[in-house]
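Letter by letter, the chains look like this.
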Amino acid sequence: MSSSSDHARRGLTRRDFLAAAGLAGVAVGLGAWPRAGRAAGPIALPPLPYDESALAPVISAQTIGFHYGKHHKGYVDNLNKLIQGTDLADASLEQIVKATAGVADKTAIFNNAAQVWNHTFYWNSLDPAGGAPSGRLASAIDAAFGGMDGLKKALKDISVGQFGSGWGWLVADAEGKLKVVKTPNAETPITQGLKPLLTVDVWEHAYYLDYQNRRADYVQAVLDKLLNWSFAARNYG
Ligand code: MN
């Protein structure tokens, strides 16, 4: 795959580039793209869709600085080292995730690739302005959870209940029905026939500087104040 600067020279749009990178599902809200100097290899670290301080006080700039600048970047750097010179070197991120899921000798590649995908999806699941769902998505939430209070309780319970590191997700199944699921470690619903709409990272690195052991307080604050409902609606389709 070409670097982001190659795409810029060819005049491709940001959406084209994200589609090529396997990130078409998270093509919105990523801010200026491509940004020079970000791509260190075939898989790029997408820019944050907002400033590092934009989610405070729910999530501090210090947490975002480590989480995006060290953890997310680390997964990108590890992935690029692991795929260099292999048959996955030119694959899209989503192709890498799906090709390595459940493959015993590809665990390290899967873990890093899925963490890159999940983190990009997480940043886009958050919106400093918050908001509320509307239209078709709001109707689907009513049908599945009896309304927003029911959705928040379900998503909070499943996110807090994930034992150890992982993720809480709002997803649509093959019939378009909404549900909440949790995944451990790097696991991701895109390998399970599910369409993610939103996610909450419940690895300790997502909240420990701000909330220490109080995962439930972090999840509650994210659900109340930061979910990006326009991103969810676009994912729902
Ligand atoms: Mn994380």
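This write-up is about the structure you can find in this document. (Residues numbered from 1 in each chain as written. Predicted model: local features only at pLDDT ≥ 70, side-chain atom pairs only at ≥ 80, totals over all residues.)

1. So, the nonpolar core
Rules: One nonpolar core equals one set of buried Ala, Val, Leu, Ile, Met, Phe, Trp, Tyr and Cys residues connected by C-beta atoms within 7 Å. Residue burial is a threshold on neighbouring C-beta atoms within 10 Å of the residue's own C-beta, all placed from the backbone, with 20 or more meaning buried, 12 or fewer meaning exposed, and counts in between meaning partly exposed. Note on conventions: DSSP H or I runs of at least 4 residues are helices, E runs of at least 2 residues are strands, and numbering of each starts at the N terminus. We call two residues in contact when the distance between their C-beta atoms, placed using the backbone, is within 7 Å.
In terms of nonpolar packing, the biggest core is built from 58 residues, with Leu 79, Ala 113 and Leu 170 touching the most fellow members. Top element by residues in this core is helix 5 (residues 107–125). It accounts for nine residues. Excluding residues within four positions of it along the chain, Ala 113 makes contact with Leu 79, Leu 93, Ile 96, Val 97 and Thr 100.

2. Brief notes about the environment of Ala 140
Topologically, Ala 140 is positioned in helix 6 (residues 135–145). Sequence separation between Ala 140 and Lys 179 is 39 residues, and the spatial gap between their C-alpha atoms is 9.9 Å.

3. Topic: the pairing of strand 2 (residues 178–184)
Inclusion rule: A strand pair is defined by DSSP finding two or more bridges across the two strands.
With seven bridges connecting them, strand 1 (residues 166–172) and strand 2 associate as antiparallel partners. Of the residues in strand 2, the one forming a bridge with Gly 166 is Pro 184. Between strand 1 and strand 2, which pair antiparallel in sequence order, lie five residues; one of them, Gly 176, sits at a positive phi of approximately 85 degrees.

4. Quick notes on the sheet that holds strand 2
The line we're drawing: Between N-to-C directions, angles span 0 to 180 degrees; the directions come from axes that are lines fitted to C-alpha atoms, helices contributing only their stretch in contact.
If you walk across this open sheet you meet the three strands as 2-1-3, and the pairing is antiparallel. Looking at the sheet topology across the chains shown, the edges are occupied by strand 2 and strand 3 (195–201). Neighbour-to-neighbour, the strand axes of the sheet open up by a mean angle of 25 degrees, direction not taken into account. One ladder, built from six bridges, connects strand 1 with strand 3; its direction is antiparallel. Within strand 3, the residue paired with Leu 170 across the bridge is Leu 198. Each of strand 1 and strand 3 touches helix 5; the most contacted strand, strand 3, lies at about 85 degrees to it. Against the sheet, helix 7 (residues 148–160) engages strand 1, strand 2 and strand 3, with an angle of about 15 degrees to strand 2.

5. Description of helix 3 (residues 61–83)
Selection criterion: One less than the residue count of a helix, multiplied by 1.5 Å, gives the span that helix is expected to have. To get the bend at a given residue, fit one axis to the seven residues ending there, fit another to the seven starting there, and take the angle between those axes.
In this model helix 3 runs 31 Å from its N-terminal to its C-terminal C-alpha over 23 residues, within 8% of the 33 Å that 1.5 Å per residue would give. The sharpest bend along helix 3 comes to roughly 25 degrees, located at Lys 73. Listed as buried for helix 3 are Thr 63, Ile 64, His 67, His 72, Tyr 75, Val 76, Leu 79, Leu 82 and Ile 83. For helix 3, the elements touching its buried residues are helix 4 (93–100), helix 5 and helix 8 (208–211). Just beyond helix 3, the residue with positive phi is Gly 85, at close to 75 degrees.

6. Focus on the environment of His 119
Within the element layout of this structure, His 119 appears in helix 5. Linking His 119 and Asp 201, residues 82 residues apart in sequence, is a C-alpha distance of 7.9 Å.

7. Overview of unusual backbone geometry
That bond from Ala 56 to Pro 57 is cis: its omega, 5 degrees, falls within 30 degrees of zero. Counting through the fold element by element, Pro 57 comes out in the loop between helix 2 (14–20) and helix 3. For Asn 185, which is not glycine, the phi torsion reads 55 degrees and is therefore positive. Within the element layout of this structure, Asn 185 appears in the loop between strand 2 and strand 3. Judged by local crowding, Asn 185 falls into the partly exposed class, with 16 C-beta atoms found within 10 Å. The phi torsion at Gln 212 lies on the positive side, around 50 degrees, for a residue other than glycine. On the secondary structure map, Gln 212 appears in the loop between helix 8 and helix 9 (215–225). The exposed category is assigned to Gln 212, around which 11 C-beta atoms lie within 10 Å.

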